Amino acid sequence: MNYVPGTASLIDDIDKKHLVLLRDGRTLIGFLRSIDQFANLVFHQTVERIHVGKKFGDIPRGIFIVRGENVVLLGEIDVDKPCDTVLQQVSIEEILEEQRLQQQAKQETEKVKMQVLKDRGLSIPKADNLDEY
């Protein structure tokens, strides 16, 4: 096998099933249909997989275009290998509710943490204010 530099090395992976982890934390699973010199990717029959604890849900997204700079990880999925996961697949509604509850709990924890820091005379600038510094 010869070494091919850059995104050209992905040409052999076209029409195979892949998992993509994006910078915003989302996980997509779909068939890679096209790539370009900027590592922009086009997926077909794409689902967005949401994990919460030991549960997961798949939200159908169809054709999905991913800008290359947003890709953190790209990996081929072996469709012939049997799935031996301990995760439980649940409905879309159930996983979205679980995700909402998890995000609320995280926000509450962050509020308490910020209050403790404030009580000790410390403050951390919010992410939206960081551009001002």
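Residues numbered from 1 in each chain as written. Predicted model: local features only at pLDDT ≥ 70, side-chain atom pairs only at ≥ 80, totals over all residues. Heavy atoms only, no water.

- Looking at an unreviewed UniProt entry, the chain carries the name U6 snRNA-associated Sm-like protein LSm1, with the source organism given as Solea senegalensis.
- UniProt, in its Subunit (unreviewed entry) section for the chain, records the words "Interacts with SLBP; interaction with SLBP occurs when histone mRNA is being rapidly degraded during the S phase. LSm subunits form a heteromer with a donut shape."
- As recorded by UniProt, the Sequence similarities (unreviewed entry) comment attached to the chain reads in full: "Belongs to the snRNP Sm proteins family." (UniProt positions renumbered as here; feature names shortened; annotations may be inferred.)

### Remarks on the pattern of salt bridges
Two side chains carrying opposite charge are able to pair once their charged atoms lie near each other.
Alright, step 1. Applying the stated criterion across every chain, the model contains eight salt bridges.
Alright, step 2. The partner of Arg-100 in a salt bridge is Glu-97, with the nearest N and O atoms 2.5 Å apart. Taken together, the residues Arg-100 and Glu-97, both in helix H1 (residues 92-119) and three residues apart, mark about one turn of the helix.
Alright, step 3. With a relative accessible area of 34%, Glu-97 lands in the partly exposed category.
Alright, step 4. Among the charged side chains, a salt-bridge network with shared partners connects Lys-55, Glu-94 and Glu-98. (Salt bridge = Lys/Arg side-chain N within 4 Å of Asp/Glu carboxyl O. Helix = DSSP H or I, 4+ residues; strand = E, 2+ residues; numbered from the N terminus. Buried < 20%, exposed > 50% of the residue type's maximum accessible area, 1.4 Å probe, protein only.)

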